[in-house]
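Residue strings, one per chain:
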Amino acid sequence: MDGFTIEMMCCESVIENEIAKGCTQKQVAQSYALALKSSWKTDWKRVNDAIIKRWSFAGLNRIKNLAWSGKCFDKPKDKPTA
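About the criteria used
- Residues numbered from 1 in each chain as written.
- Predicted model: local features only at pLDDT ≥ 70, side-chain atom pairs only at ≥ 80, totals over all residues.
- Heavy atoms only, no water.
- Helix = DSSP H or I, 4+ residues; strand = E, 2+ residues; numbered from the N terminus.
- Buried < 20%, exposed > 50% of the residue type's maximum accessible area, 1.4 Å probe, protein only.
- Areas by Shrake-Rupley, 256 points an atom, 1.4 Å probe, with all protein chains shown as cover.
- Lys, Arg positive; Asp, Glu negative; His and termini not counted.
- Charge placed at Lys NZ, Arg CZ, Asp CG, Glu CD.
- Phe/Tyr/Trp six-rings, centres within 6.5 Å; stacked < 30°, edge-to-face > 60°.

All right, on to the overall build of the chain then. What the chain contains, in helices and strands, is four helices and zero strands. Put simply, the chain runs from its N terminus to its C terminus through helices and strands in the order α-α-α-α. Considered along the principal axes of its C-alpha atoms, the chain spans approximately 50 × 35 × 20 Å. Within the chain, the fraction of its 82 residues that count as buried is 32%. Total accessible area on the chain is roughly 5700 Å²; 55% of this is exposed by carbon and sulfur atoms. In the chain, 14 positive and 9 negative side-chain charges are present, and the distance between their average locations comes to 6 Å.

Spelled out as structure tokens, the structure:
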């Protein structure tokens, strides 16, 4: 994810909306990762509190690990066909 800038606005609202709409942890982690790269002054306490409220502290750690590592953007592996 190096070498580019993302200008995601209202990162807090985007992530809160994703949580409210039932997005998965991986989907939220994708927005979290984009917010990390954005120059928007994100209120991380607000974002992290919303994630903890929905999934717990362990869920927040999973989302952060996916976001910081970039694994949230990994494509699912194809299942072998018989």
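Read on, since the account is not over.
Applying the stated rule across the entire model yields one aromatic pair. Note on Tyr-32 and Trp-44: the rings are 4.8 Å apart at their centroids and 50° apart in plane angle, and the pair reads as tilted. On the criterion of sequence distance, the pair formed by Tyr-32 in helix 2 (residues 25–37) and Trp-44 in helix 3 (residues 44–55) is long-range, its members being twelve residues apart. Under the relative-accessibility criterion, Trp-44 is labelled partly exposed at 26%.

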